4 protein chains.
Amino acid sequence: MIKAGIIGATGYAGAELVRLLLQREDVQIVWYGSKSYVGEDFSYIYRNVAHLTNETCRDDDMAGLADLADVIFTATPQGFCASQMTEEILQKARVIDLSADFRFKDADVYEKWYQIPHPAPRFLPEAVYGLPEINRDRIRGARLIANPGCYPTCAFLTLYPMVREKLIDTDTIIIDAKSGTSGAGRSAKVPSLYCEVNESMKPYGVATHRHTPEIEEQLSYAAGRPVTISFTPHLVPMNRGILVTAYASLTGPVTAEEVKAAYDKYYADEYFVRVMKPGLVPQTRWVEGSNFADIAFQIDERTNRLVMMGSIDNMVKGAAGQAVQNMNLMFGLPENTGLKQIPVFP
Amino acid sequence: MIKAGIIGATGYAGAELVRLLLQREDVQIVWYGSKSYVGEDFSYIYRNVAHLTNETCRDDDMAGLADLADVIFTATPQGFCASQMTEEILQKARVIDLSADFRFKDADVYEKWYQIPHPAPRFLPEAVYGLPEINRDRIRGARLIANPGCYPTCAFLTLYPMVREKLIDTDTIIIDAKSGTSGAGRSAKVPSLYCEVNESMKPYGVATHRHTPEIEEQLSYAAGRPVTISFTPHLVPMNRGILVTAYASLTGPVTAEEVKAAYDKYYADEYFVRVMKPGLVPQTRWVEGSNFADIAFQIDERTNRLVMMGSIDNMVKGAAGQAVQNMNLMFGLPENTGLKQIPVFP
Amino acid sequence: MIKAGIIGATGYAGAELVRLLLQREDVQIVWYGSKSYVGEDFSYIYRNVAHLTNETCRDDDMAGLADLADVIFTATPQGFCASQMTEEILQKARVIDLSADFRFKDADVYEKWYQIPHPAPRFLPEAVYGLPEINRDRIRGARLIANPGCYPTCAFLTLYPMVREKLIDTDTIIIDAKSGTSGAGRSAKVPSLYCEVNESMKPYGVATHRHTPEIEEQLSYAAGRPVTISFTPHLVPMNRGILVTAYASLTGPVTAEEVKAAYDKYYADEYFVRVMKPGLVPQTRWVEGSNFADIAFQIDERTNRLVMMGSIDNMVKGAAGQAVQNMNLMFGLPENTGLKQIPVFP
Amino acid sequence: MIKAGIIGATGYAGAELVRLLLQREDVQIVWYGSKSYVGEDFSYIYRNVAHLTNETCRDDDMAGLADLADVIFTATPQGFCASQMTEEILQKARVIDLSADFRFKDADVYEKWYQIPHPAPRFLPEAVYGLPEINRDRIRGARLIANPGCYPTCAFLTLYPMVREKLIDTDTIIIDAKSGTSGAGRSAKVPSLYCEVNESMKPYGVATHRHTPEIEEQLSYAAGRPVTISFTPHLVPMNRGILVTAYASLTGPVTAEEVKAAYDKYYADEYFVRVMKPGLVPQTRWVEGSNFADIAFQIDERTNRLVMMGSIDNMVKGAAGQAVQNMNLMFGLPENTGLKQIPVFP
């Protein structure tokens, strides 16, 4: 039995962790952390788990939790996890951090884009970027996982084989991404109100979004050289789902079959990555509620560009599901344990 | 291994059966029936199961299917299942019919409300109305299950204990119900188009909806006398979910605790029925994607009426999930096998 | 030129007043009141009017505004308008209050349901309930208008002719109402977040909603005797629109033609009330963005009940549009001046 | 009084023309053309205009209509308008065609992208591309207007000043566009069903969409040389609205003020084009129901690219509103006559 603690359990990502872990017979949630709801029944706040748990929410105490848990998930604001991190905690429990605190190898990048000093740069070297499709082996042995951002997960999986195989010119990459509103979190802000989001669409963080350097760092590793991208996220009136449409110039003539083969080279054996046949396009509804990433592409011969498209559920493969996938690897379990949920449609 | 065949697999309810059964290790789907898509890959039509099955759709052939399957689900238009039904089929396979064909004991009621002659009234006596919370024992031994309608499931579960305990005057029952749009099915009709449904709400089938006699028949059994109701369904711009708001005059003074106790008398041990504490209200999001029914009530002292409220996911407890629950009972399995999905929120 | 001031201009109802008044050539908005945004450009907050006005928001000052304006609209929280009201203000400007402060003749009812002491009961006698279809003549001469609530407007217009003509038993009235989310206002609350509202539906304020006594008071005037009702509002995932489904027992045998004639007796000459032919149902999309109220009915012979249905746009006929309709009457203009917007569909 | 006839009045664009024209006192709709609903009341199909018109729908007869009308709007499938066009019709009435029939100067381009032979290439030379902000003078004197497509209108207005001023490298233009679902029209197709569109997002027509050559032709005129673009439209779960996010490399160093000035050079005096201050982004809700186009931009110094963003209501500025704007010009009226509707929010 894996004992799991969640700090930030009443945010959307934290609550999704609860949904995924509460159904498992080999995992016990020992800690529902929520600064805002200390002492309240978790199932009173998230009634989807009514009658399934009667635990109450506890205040933040990562050190205390480390004594109880085998694994700690932190679904908390930027800076929290790093500010609490100690060697003692890591000796007692594995930590999977869903914030950006340990995603960059260079603390300067973090501080530049997140505008806060990094509270614990000494742990950056050992932290493993938790994208199992790329870093599977290193995740298995890690003590500290930096769970990837939602946009970076979708963008990277969509672009990785093309960059790795040098099919595209990395100086020309443009990523136009669209996300459902759960990505904005559960805090009470006017721009997240139903009437402000519904029946509308907007770009945001244009040329300044914090996920830009995260995508760039990972793509740079894949390319073997620094990659700079244009990245524009958009807010879409739906609860869940991220769709990435990426553009880049082809480095040479290539057929759809060759592009497909390049994707298959990396993903054919991946349970969670479904590369679509040429001519198809991803739709977020086909992955909703699941840990799948659907990927497709289209060669645009008129412009000699490749259009690459990917979709994930931002709450699952983009957050809680990927965290559980990492946990499975860290505890020697089959990677898709408890993650075989079939997408819910309609 | 239970071998299951689905006729009408490419409708929304049929596809939901696929979602629930495909994840099970003790069930094998041996037949994806779809008159409209014969020969096409099922996973090409419902891409949520891409990479999870490579079966193709087959034409309707219930007799042929009976040779292959232990259980047949018919998620088909009214009249189909009854028109195909034979004693031979029932000797070979259990049948769970999601249409209305076998829901009424009296063929005249069916013919009056559905405006088609009943093709096989001889099977009506043995058919069991598949609401496990009420008919559990009879379902276990049944060959032919009439899987309840979505509105009747929600309405009946909401009202049943109150009627049974004679807390309400059955001459005063008014049921105002609201449903997501998946209940309208997947056929291409102008009124089901996105732009026609979105940002709007409407009543339909006022005083004439076919689920009226189904609710009345079941409530009459509970009351021990004929019950006539007012029933008004409404179309709501959301994919899934049914909400029932029911009104009736109280037969005498009663406290909230007494009403709660009456509900608990019938549902305290039911896994899928969650009676809420006094003062709470159900919301469809708390049951979405799951087989739960959430039920609540409010005493209105000013009018001496009881307001009873219930919510289900129309595709799960209102259709495919309840069908699987019936299958579990028929095959001697724990009733919630494969049905423990936690509602997906947001 | 009518000089109009709006206090509470940055709430949804206030901004809807701006939308309706800014397009008029016979009205000038002289005051955009907004406590939260003092000094900011109104068109920066509501960009729909970008380039159409460059006024900035001003702090609350009803007495000061009375010196500038011919008419003051208060789209403010309960208690504000009454707390500011003076004889001097009413001598200088007409006041149309969109809150509940002056809707009840009896201050006790207000204090019981709104749980605040009434700040200015002395003005209650002269305040006119601003439902033009009923109180047209009194509105013309009024200094102080209590603009009706959204649910009461829709419920009352739907029921009024039936009550007045004694076609229904007023002891049996049940009103099940559904509203879009703009009715919840623009304040930043978790329950109003997109992800909390979208893909869900819920009842709220069951047996306790503050619009109950308002509906009862007006229906009592129509009936000539006290009327008590059951009223249940529901939150629907759409921006605008209210749908009322009301039930009552018929007092005697009646045909659809007779019911239609009774409705026509009161509404045939009303520009904004559109009584539908028997057999039709209202849909909120057919009134969206407009000041229309669509009304329909269905006789349920099996239960001897009448089902009455009505729909309005809660922001227009349920708030700002009706306020403008009242203003038109008060200033001797054709009642539909500036209110002929055709509903926007889809 | 301008007598206007609409062929294809029961499609979404046709019905939007009705909404815009029916409110005008200087226009009379003399023909509601609808092949599908011949003889039925128009207001029975589009109940938003109930009680406002009692005209019935008529069969297609463009020649007959030319005898009655001063202006004919054809909101019809590709190929219809051109197949009916004659010199006689143009001598009797102005024609504003909302289809693509007359948008290209080269019939080969039409035939290649639309896959149908052009029925009347002889009228291509005289047809004027009806984008008033660019072709105002030629529109005034035209007999035949090719009303622009929705995506091209938004894309072109967003890019035009940058191309014209040579601020961007036209070889690097990528246009990622997103549209509400009304753009898919009112025909009953499974992919347009509520449950298929809601809570999902998808790209479509990747590298093959028919609006590509239309955008290219107009941008080529602006650039003075052939322009080839990448264009990807996406379907968004909302009724109305188009958002364009366009990317291109800057041709040299430029400040935000300079970019803004370049936009203002072309649009400062345009009533319908609202260029936003640097730092802002367009949102479709701010133009919904109106003829406005909101345009913004962001310089991305890291990549030396310019991100250009624009939004329109696809039914208004992207179809019916622009058609009316053209009509106003053709009949010597102020261009914004009947088009001053303020966007409806929320």
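Because the structure is a prediction, the values reported are computed rather than measured. (Residues numbered from 1 in each chain as written. Chains lettered and ligands numbered in written order. Predicted model: local features only at pLDDT ≥ 70, side-chain atom pairs only at ≥ 80, totals over all residues. Heavy atoms only, no water.)

### Comments concerning the interface of chain D and chain A
Our working rule: Only heavy atoms enter the contact rule, under which two residues are in contact if any of them lie within 4.5 Å. Here the quantity called buried area is the accessible surface, traced with a 1.4 Å probe, that two parts lose on coming together, added over both. Any pair of nitrogen or oxygen atoms within 3.5 Å is treated as a polar contact; in protein, a donor-acceptor pairing is required on top of that, and neighbouring residues in sequence qualify only through side-chain atoms on both sides.
Residue-level contacts link 48 residues of chain D with 48 residues of chain A. Both sides together, the interface formed by chain D and chain A hides about 4100 Å², and carbon and sulfur atoms give 55% of it. It is D:E199, D:M201 and D:R302 that lose the most area in chain D upon contact with chain A, and together they represent 17% of the buried surface on that side. Counting across the interface, chain D meets chain A through 28 residue pairs in polar contact (both at pLDDT 80 or more).

### So, the sheet that holds strand 4 (residues 71-74) of chain A
Residues and elements named next belong to chain A. For clarity, the cut-off: Here the rule is simple: two strands pair whenever DSSP picks up at least two bridges between them. Here a helix means four or more residues in a row that DSSP labels H or I, a strand means two or more in a row labelled E, and each is numbered from the N terminus.
Overall, parallel pairing links the 7 strands, which are arranged 3-2-1-4-5-7-6 in an open sheet. Single-partner strands in this sheet number two, and they are strand 3 (57-58) and strand 6 (128-129). Sheet topology note: the strand 5 (residues 94-97)/strand 7 (residues 144-146) ladder contains 3 bridges and is parallel. The residue of strand 7 that forms the bridge with D97 is A146.

### Quick word on the relation of the copies chain D and chain A
The operation relating the pair of chain copies consists of a rotation about an axis and a translation along that axis. Defined as follows: Superposition of the copies used a least-squares fit over C-alpha atoms from residues whose pLDDT is at least 70 in both.
Each copy superposes on the other: chain D lies on chain A with an RMSD of 0.0 Å after a rotation of 180° and an axial shift of 0.0 Å. What the superposition gives is, in effect, a two-fold axis relating one chain to the other. The C-alpha atom lying nearest the rotation axis in chain D is that of D:P237; the distance is 3.3 Å. Comparing contact sets, 100% of the residues at the interface of chain D also lie at the interface in chain A, consistent with an isologous, same-surface contact.

### Points about the domain arrangement of chain A
Residue and element names in this part refer to chain A. The line we're drawing: These domain limits were set by an automatic method or by a database of domain assignments.
Here the domain parsing of chain A yields domain 1 (2-126) and domain 2 (151-313). Spacing between the C-alpha centres of domain 1 and domain 2 amounts to 27 Å. Each partner contributes to the interface: domain 1 provides 14 residues, whereas domain 2 provides 15 residues. Both sides of the domain 1 and domain 2 interface together cover about 1300 Å² of buried area, and 50% of this is carbon and sulfur.

### Re helix 11 (residues 256-267) of chain B
Residue and element names in this part refer to chain B. For clarity, the threshold we go by: Expected span of a helix: the number of residues minus one, times 1.5 Å. Relative accessible area decides the class of each residue, using a 1.4 Å probe on protein chains only: under 20% of the type maximum gives buried, over 50% gives exposed, and in between gives partly exposed. When we speak of the arc, we mean the arc of directions from the helix axis to the C-beta atoms.
Here helix 11 contains 12 residues, and its C-alpha end-to-end distance of 16 Å stays within 8% of the 16 Å for a straight helix at 1.5 Å per residue. Among all positions of helix 11, only V259, K260, A262, Y263, Y266 and Y267 are buried. Projected down its long axis, helix 11 shows its buried positions confined to an angular sector of 155°, all on one face. Facing away from the buried side of helix 11 by more than 90 degrees, the exposed set consists of E257 and K265. As for helix 11, its buried residues are in contact with helix 8 (150-164), strand 11 (273-275), strand 12 (293-300) and strand 13 (305-312).

### Section: the pairing of strand 1 (residues 2-7) of chain A
In the case of a regular strand, side chains alternate between the two sheet surfaces. Residue and element names in this part refer to chain A. Here is the rule: Looking down the strands as they point away from you, a crossover is right-handed if its path from the first strand over the helix to the second goes clockwise.
Extensive coverage of strand 1 is indicated by the burial of 5 of its 6 residues. Inspection of the sheet shows strand 1 paired to strand 2 (residues 27-33) by 6 bridges, in the parallel sense. Looking at the pairing, A4 lines up with I29 of strand 2. Where the polypeptide runs from strand 1 across helix 1 (residues 12-22) and back to strand 2, its parallel neighbour, the crossover connection is right-handed. Where strand 1 lies against strand 4, 4 bridges are found, and the strand directions are parallel. Across the sheet, the residue bridging to I7 is T74, located in strand 4.

### Focus on the interface of chain B and chain C
The line we're drawing: When a carboxyl oxygen of Asp or Glu is within 4 Å of a side-chain nitrogen of Lys or Arg, the pair counts as a salt bridge.
Tallying the contact residues gives 48 residues for chain B and 48 residues for chain C. Three residues stand out in chain B for area buried against chain C, namely B:E199, B:M201 and B:R302, and they jointly supply 17% of the buried area on that side. Taken together, the connections running from chain B to chain C amount to 6 salt bridges. Here C:R285 ties to B:E196 by a salt bridge, and the two come within 3.0 Å at their closest N and O atoms. The interface formed by chain B and chain C includes 28 residue pairs in polar contact (both at pLDDT 80 or more). When residues of the side of chain B that touches chain C are traced back to their parent elements, those giving at least two are strand 7 (174-179), helix 9 (194-197), strand 8 (202-203), helix 10 (211-223), strand 9 (230-235), strand 10 (242-249), strand 12 and strand 13 of chain B. Sort the elements by how many residues they give to the side of chain B that touches chain C and strand 7 of chain B lands first, with 4 residues.

### Side note on the sheet that holds strand 13 of chain B
Residues and elements named next belong to chain B. Cut-off, in case you're wondering: Axis angles are defined between N-to-C directions and span 0 to 180 degrees, where every axis is a line fitted to C-alpha atoms and, for a helix, only to the segment in contact.
In space, the 7 strands of this open sheet follow the order 8-9-7-10-13-12-11, with mixed pairing throughout. Looking along the sheet, the strands with just one partner apiece sit at the ends: strand 8 and strand 11. Along the sheet, helix 11 makes contact with strand 11, strand 12 and strand 13, crossing strand 12 at roughly 155°.

### Regarding the state of the cysteines
Stated precisely, the cut-off is as follows: The disulfide criterion used throughout: a pair of cysteine sulfur atoms within 2.5 Å.
Throughout the structure, instances matching the rule amount to 0 disulfides over all chains. Cysteine A:C195 is unpaired, with the sulfur of C:C150 as its nearest cysteine sulfur at 12 Å. The structure places no disulfide on D:C150, whose sulfur is separated from the nearest cysteine sulfur, that of D:C154, by 9.0 Å. On the basis of relative accessible area, D:C150 is assigned to the buried category, the value being 15%.

### Quick word on the confidence of the model for chain A
Basically, it comes down to this: Here pLDDT means the predictor's own confidence in every residue, given as a number from 0 to 100.
Per-chain confidence: chain A averages 98 in pLDDT, with 100% of residues scoring 70 or above. Across the whole predicted complex the pTM is 0.98, and at the interface the ipTM reaches 0.97.

### Some points on the environment of A:S43
Residue and element names in this part refer to chain A. When you line up the elements, S43 lands in helix 2 (residues 42-45). C-alpha separation for the pair S43 and N54, spaced 11 residues apart in sequence, amounts to 6.6 Å. Discounting residues that sit within four places of it in the chain, S43 has contacts with V49, A50 and T53. For S43, the side chain forms a polar contact with the main-chain oxygen of T53, separated by 3.5 Å.

### Observations regarding the packing of helix 1 (residues 12-22) of chain C against helix 12 (residues 316-330) of chain C
Relative placement of two packed helices is described by the angle separating their axes and the distance separating the axes. All names here are of chain C. Rules: By definition in this entry, angles of less than 35 degrees are roughly parallel, angles greater than 145 are roughly antiparallel, angles of 65 to 115 are roughly perpendicular, and the rest are oblique. Crossings are sorted by hand: turned counterclockwise from the far helix by less than a right angle, the near helix makes the crossing left-handed, and turned clockwise it makes it right-handed. Put simply, Ala, Val, Leu, Ile, Met, Phe, Trp, Tyr, Cys and Pro go in the nonpolar bin, Asp, Glu, Lys and Arg in the charged bin, and everything else, Gly too, in the polar bin.
For the pair helix 1 and helix 12, the least separation of the axes is 9 Å and the interaxial angle reads 50°. By the criterion of interaxial angle, the relationship of helix 1 to helix 12 is oblique. Here helix 1 runs over helix 12; the crossing is right-handed. On helix 12, the residues that touch A13, E16, L17, R19, L20 and L21 of helix 1 are V316, A319, A320, G321, A323, V324 and M327. A breakdown of the residues in the contact of helix 1 with helix 12 according to their chemical character gives 10 nonpolar, 1 polar and 2 charged.

### A look at the packing of aromatic side chains
Filter applied, for reference: Only centres within 6.5 Å qualify two rings of Phe, Tyr or Trp (six-membered ring in Trp) as a pair; their planes then separate them into stacked at under 30 degrees, edge-to-face at over 60, and tilted for everything else. In this analysis the charged atom, NZ for Lys or CZ for Arg, is taken to sit over a ring once it is within 6 Å of the ring centre and within 35 degrees of the ring normal.
Tallied over the full model, the rule gives 66 aromatic pairs over all chains. Look at A:F104 and A:Y114: their rings are 6.2 Å apart centre to centre, the planes differ by 55°, and that puts the pair in the tilted class. Here A:F104, found in the loop between strand 5 and helix 6 (107-114), pairs with A:Y114, found in helix 6; they are 10 residues apart in sequence, far enough to count as distant. What makes A:F104 buried here is its relative accessible area of 1%. Classification of A:Y114 by relative accessible area gives buried; the value is 3%. Between A:W286 and B:Y46 the ring centres are 6.3 Å apart and the planes differ by 75°, which places this aromatic pair in the edge-to-face class. In this pair, A:W286 is assigned in the loop between strand 12 (273-275) and strand 13 (293-300) and B:Y46 in the loop between helix 2 (42-45) and helix 3 (62-68), connecting two distinct chains. One cation-aromatic arrangement involves A:R94 over A:F331; the distance from NZ or CZ to the ring centre is 5.6 Å. A cation sits over an aromatic face here: B:R47 above B:Y44, 4.1 Å from the ring centre.

### As for the environment of D:S220
Residue and element names in this part refer to chain D. Positionally, S220 belongs in helix 10 (residues 211-223). S220 gets classed as buried once you look at its relative accessible area, which sits at 16%. Expressed as a C-alpha distance, the spacing of S220 and T170, which sit 50 residues apart in the sequence, is 9.1 Å. At 2.6 Å, the side chain of S220 and the backbone oxygen of E216 are in polar contact.

### A word on the pattern of salt bridges
With the rule as written, the count across this model stands at 92 salt bridges over all chains. The salt bridge partner of C:E196 is A:R186, with a shortest N-O separation of 2.9 Å. With C:E196 in helix 9 (residues 194-197) and A:R186 in the loop between strand 8 (174-179) and helix 9 (194-197), this residue pair bridges two chains. Among the residues examined, C:E196 registers a relative accessible area of 4% and is labelled buried.

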